[in-house]
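Here are the chains, one letter per residue:
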Amino acid sequence: MEKKKFYITTPIYYPSDKLHIGHTYCTVATDTLARYHRLRGEDVMFLTGTDEHGQKIETKAREAGVTPKEFVDNIVEGDRGVKDLWKLMNISNDRFIRTTDDYHVESVQKIFKKMYDKGDIYKGTYKGKYCTPCESFWTESQLVDGKCPDCGREVQDAEEEAYFFRLSKYADQVRDLLENTDFLQPRSRVHEMVKNFLDPGLEDLCVSRTSFSWGIPVDFDPKHVVYVWVDALSNYITALGYDNDRYHDYDKGWWPGVNIVGKEIVRFHSIIWPAMLMSLGEPVPKHVFGHGWLLLDGGKMSKSKGNVVDPYILAEKFGVDALRFFLMRTFPFGSDGNFSNELLIQTINTDLANDLGNLVSRTTAMVGKYFGGALPAGCGATEMEKETARSAASRASTMCFGSDDPNDPVLFDLDLVSKAAGLRFDYEEDMETFAPHKALDEIFKVIQRANKYIDENAPWALAKDMETNGKRLAHVLYNLLEATRICGILLTPFMPESCEKLFAQIGAPAESRTWDAAAEWGALPETAAVTKGENLFPRLDMDKALEE
Ligand code: ME8
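Just so it is clear, the model here is predicted, and its values are computed rather than measured. Note that residues are indexed from 1 along each chain, following the sequence as it is written. With pLDDT at 70 or above as the cut-off, local features in this predicted model cover only qualifying residues; side-chain atom pairs require 80 or more to be listed or tallied, and sums for whole chains, interfaces and linings still use all residues.

A. Summary view of the overall build of the chain. Scanning the chain from terminus to terminus reveals 21 helices and 15 strands. Seen along its three principal axes, the alpha-carbon backbone of the chain occupies a region of about 90 × 50 × 40 Å. Across the 548 residues in the chain, those meeting the buried criterion constitute 44%. Residues are treated as contacting if the C-beta atoms built from their backbones sit within 7 Å of each other. Long-range pairs, those at least 24 residues apart, make up 73% of the contacts in the chain with a sequence separation of at least 6. Under the DSSP-based scheme used, a helix requires at least four consecutive residues in state H or I and a strand at least two consecutive residues in state E, with every element numbered from the N terminus. As a rule, residues whose C-beta atom has 12 or fewer other C-beta atoms within 10 Å are exposed, those with 20 or more are buried, and those in between are partly exposed; C-beta atoms are placed from the backbone.

Rendered as structure tokens:
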């Protein structure tokens, strides 16, 4: 059977400066979702890239005394540049698009021409404000106190010939898409788009410029360059091969895909982008998801403000997986959240060192101490546990085990089994609805349940009389390994490298790490070789970690 195809993208970032933790947040979230879909056995295409044209980059390059292409090459390909950052963060993108790539340029020219030939792009006059020293055109709303936002000097009224896109023509279709489908996520963003942009009426959009040259020339009128957003938005289809020969995947079931973006560019993605696709006669994205901002001291981190947090420094100091985990665990994906080092350290200590780290190290240490690193045959899942797992995994019905004794150890076992085997059910719903933070919450409830199971069963007490309790002790430890294995599978999209190490420590073979195996109890071989390896997440000393 052909695998289901899943296409997911990040925004293409401006290489006007080094990227910061906000960009890293979005890319890690998209990577986590891509890895989740791969875990499901889907055929995944994950795209990220850079948006390299426009006046801002042209100006920055001039200031740096290099050509625009040299400028962006350095930020994208250079030491500690964009590509290096994604490598460091273990980002599993299948493609990386640069809008200066030849095939993209060629596609954008064809896209522009198609819309022109259809009558959706026409020539008109763009009225705006002009800053002569900066040679820049501005709209009224871009001005700061009525002056040029770049240099603060006076601006003059000016006009230039420009091409316009008939955005107004698509207003009703876009409204219908927003209001009557699940296209835009989270749904809370729909009202804002409708109230702020559709209700006042959509105006046609100026889609070419003549006041600067760093862009894609309109091929049938080359003194114009294509508006940077038309250039940039097209990347999601040009990277699949739309109207170019570099790739041949556009018609192969990848499109429509899912576009993950920050909330400030939802407008471009939920109004202009679908209207462009409607004009081209192509399907609109399955979903656009607008995530929230990471704030620093209550304000948005931004390259232009300079109040940014360097992901290189954090990853090197705290570890890539700890950083990935923190970003996904702490900030509900659709909302804003305040970034702080204290919060990062606290999350590492509470969730990773205490809860997860302790579960793994205590369990593996006890298998070593009491059984020399491998449990005896026969210690594995009972029929009743397997049955409990099956019903928990499908939520078909709740198994009921009658016992008069609330301390009956079988009750502890079955509670752990049903929570661990039932975890995948909630996790799936959370990941499918773009709520990775909720998925992590569910996983950590099971990790906490497993730690409590250690206390309920007091293995150290059982170990005092191995002849009487050895069998029970082995079963308790097997159950802990199983709960750890299931959590490990579902944590893999978040922390791929650490989960590899976790699987190696509990001796889980490849076939016990799959999506199917996450809903099974008893998938780990009873006599798996267990090793207490390095501490996966050492505890940090808050004061010391903040000082360094
Ligand atoms: O807008 N918190 O590029 P960009 C969370 N080139 N996410 C943040 C963030 C923060 N403080 N700061 C940035 C552009 N981001 C265009 C996109 S797409 C066709 C063109 C993330 O470099 C967030 O995802 O300004 C945001 O939308 C994106 O970076 C903007 O990056």
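B. Local environment of unusual backbone geometry. For the peptide bond that leads from Gln185 to Pro186, omega is -15°, which places it in the cis range. Looking along the chain, the bond that leaves Trp255 and enters Pro256 is cis, with omega of 5°. Note on placement: Pro256 falls in the loop between α10 (250-254) and β11 (258-262). Notably, Asp145 is not glycine yet its phi reads approximately 50°, a positive angle.

C. Region of the structure containing the site of the ligand. Each residue receives a C-beta atom placed from its backbone. It is near a molecule or strand if this atom lies within 6 Å of it. Taken together, 20 residues lie near the ligand, and Pro11, Gly22, Cys26, Asp51 and Gly262 sit nearest. Looking at the shell around the ligand, the elements that each hand over two or more residues are β1 (5-13), α1 (21-39), α8 (228-233) and β11. Tallying contributions element by element places α1 first for the shell around the ligand, with 4 residues.

D. Representation of the UniProt feature "short sequence motif: 'HIGH' region" (unreviewed entry) in the chain in the model. UniProt positions are given in the numbering used here, feature names are shortened, and annotations may be inferred rather than shown by experiment. Taking the UniProt record as the reference, the feature "short sequence motif: 'HIGH' region" (unreviewed entry) is found at residues 13-23. Across residues 13-23 one finds 27% helix and 9% strand; the C-alpha atoms that close the span lie 8 Å apart.

E. Representation of the pairing of strand β2 (residues 43-50) within the structure. For β2, the tally of buried residues reaches 7 of 8 residues, placing the bulk of the element in the interior. Of the strand pairs in this sheet, β1 and β2 are connected by 7 bridges, and their pairing is parallel. Looking at β2, one finds that Ile8 is bridged to Phe46. Regarding the hand of the β-α-β motif, the stretch spanning β1, α1 and β2 is right-handed. Only strands joined by at least two bridges in the DSSP assignment are considered to pair. Handedness rule for crossovers: strands pointing away from the viewer, path from the first strand over the helix to the second running clockwise, crossover right-handed.

F. Here's a closer look at the sheet that holds strand β4 (residues 121-131). Spatial strand order, β5-β4-β6-β8: 4 strands in an open sheet with antiparallel pairing. Of all the strands in the sheet, just β5 (136-138) and β8 (205-206) have a single pairing partner and so form its edges. Sheet topology places strand β6 (residues 156-165) next to β8; 2 bridges connect them, and they run antiparallel. When the bridges of β8 are listed, Phe165 appears paired with Leu205.

G. Region of interest: the pairing of β11. β11 sits mainly inside the fold: 4 of its 5 residues count as buried. Judged from the 2 bridges that link them, β1 and β11 form a sheet pairing that is parallel. Looking at the pairing, Ile8 lines up with Val258 of β11. Here β11 pairs with strand β12 (residues 287-291) via 5 bridges, running parallel. Across the sheet, residue Val258 finds its bridge partner in β12, namely His287. Assessed by its sense of winding, the connection that carries the chain from β11 through helix α11 (residues 266-280) to β12 is right-handed.

H. Spatial organisation of the environment of Asp441. When you line up the elements, Asp441 lands in helix α17 (residues 436-457). For the pair formed by Asp441 and Gln185, sequence separation is 256 residues and the distance between their alpha carbons is 21 Å.

I. Main features of the packing of helix α12 (residues 311-318) against helix α13 (residues 320-330). A fitted line through C-alpha atoms serves as each axis, taken over the contacting stretch for helices, and the angle formed by two N-to-C directions is quoted from 0 to 180°. For the pair α12 and α13, the least separation of the axes is 6 Å and the interaxial angle reads 115°. Contacts from Leu314, Ala315 and Phe318 in α12 reach Val320, Ala322 and Leu323 in α13. All residues other than Ala, Val, Leu, Ile, Met, Phe, Trp, Tyr, Cys, Pro, Asp, Glu, Lys and Arg, Gly among them, are scored as polar; the first ten of these are nonpolar and the last four charged. Its residues placed into classes, the contact of α12 with α13 shows 6 nonpolar, no polar and no charged.

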